[in-house]
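Coordinates in review
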Amino acid sequence: MKHDIHPTSRPVVYRDKAGDFAFLTRSTATSDRSVVWTDGNTYPVIDVEISSASHPFYTGKARELDTAGRVERFRQRYGRNAG
């Protein structure tokens, strides 16, 4: 195996603010911000938009769309018997 060709991996905390969820793992990603983890050590933190704690597929909570409003606007525009 060639030496000095792989990036250095280190412990990093990934935090999902929407799901109020964080986990510690190893990564090559870097960050200027840090957080004190439950073990008392300070680790770089990377904030993510979505994770398994907040994604509708994993939580089982689907986002509801305003389909009733769309249907009503369609009926107002094209008449009551349209569609």
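Residues numbered from 1 in each chain as written. Predicted model: local features only at pLDDT ≥ 70, side-chain atom pairs only at ≥ 80, totals over all residues. Heavy atoms only, no water.

1. Overview of the packing of aromatic side chains
The geometry of an aromatic ring pair is captured by two quantities: the separation of the ring centres and the angle between the planes. Selection criterion: Any two of the Phe, Tyr and Trp rings considered here, Trp counted by its six-membered ring, make a pair once their centres fall within 6.5 Å; the pair's planes then place it as stacked at under 30 degrees, edge-to-face at over 60, or tilted in between. Burial here depends on accessible area, computed with a 1.4 Å probe over protein chains only, as a share of the maximum for the residue type. Under 20% is buried, over 50% is exposed, and the range in between is partly exposed.
A complete count under the given rule lists two aromatic pairs for this structure. Look at Tyr14 and Phe23: their rings are 5.8 Å apart centre to centre, the planes differ by 20 degrees, and that puts the pair in the stacked class. A ring pair is formed by Phe21 and Phe23, whose centres lie 5.9 Å apart and whose planes are at 40 degrees; its orientation type is tilted. Under the relative-accessibility criterion, Phe21 is labelled partly exposed at 33%. Judged by relative accessible area, which is 35%, Phe23 ranks as partly exposed. Counting every residue linked through ring pairs, the aromatic cluster contains Tyr14, Phe21 and Phe23.

2. Examining the pairing of strand S2 (residues 21-27)
Short version of the rule: Strand pairing is assigned whenever DSSP identifies at least 2 bridges connecting the two strands. Numbering of helices and strands starts at the N terminus; helices are DSSP runs of H or I of at least 4 residues and strands are runs of E of at least 2.
Note that strand S1 (residues 10-16) and S2 share seven bridges and pair antiparallel. Each residue of the ladder has a partner; that of Pro11, found in S2, is Arg26.

3. Comments concerning the sheet that holds S1
Convention followed: Every axis corresponds to a line fitted to the C-alpha atoms, with the helix fit spanning only the stretch in contact, and the corresponding angles, defined between N-to-C directions, vary from 0 to 180 degrees.
Pairing in this open sheet of four strands is mixed, and the strands run S2-S1-S4-S3 from one edge to the other. The two strands at the open ends of the sheet, each matched to only one other strand, are S2 and strand S3 (34-36). Looking at each pair of strands side by side, their axes are set apart by 45 degrees on average, direction ignored. Of the strand pairs in this sheet, S1 and strand S4 (residues 42-48) are connected by four bridges, and their pairing is parallel. Bridge pairing in S4 places Val13 opposite Val45.

4. Some points on the environment of Val12
The condition that has to hold: Contact criterion: two residues are considered in contact whenever any of their non-hydrogen atoms come within 4.5 Å of each other.
Mapped onto the elements, Val12 comes out in strand S1. As a C-alpha pair, Val12 and Arg26 span 14 residues in sequence and 5.7 Å in three-dimensional space. The contact partners of Val12, leaving out residues within four places of it in the chain, are Phe23, Leu24, Thr25, Ser27, Ala29, Pro44 and Ile46.

5. So, unusual backbone geometry
Positive phi outside glycine occurs at Asp4, with the angle close to 60 degrees. Here Asp4 is to be found in the segment before S1.

6. A closer look at the side chain of Ser27
Note the threshold: Pairs of N or O atoms within 3.5 Å make up the polar contacts considered here, provided that, within protein, one atom can donate a hydrogen while the other can accept it, and that residues adjacent in sequence are counted only when both atoms are side-chain atoms.
Secondary-structure assignment places Ser27 in strand S2. On the accessibility criterion, Ser27 (12% relative accessible area) is buried. Looking at Ser27, its side chain comes within polar contact range of the side chain of Tyr14, at 3.0 Å. Engagement of the side chain of Ser27 in a polar contact is seen with the backbone nitrogen of Ala29, the distance being 3.0 Å. Beyond its immediate stretch of four places on either side in the chain, Ser27 contacts Thr8, Ser9, Arg10, Val12 and Tyr14.

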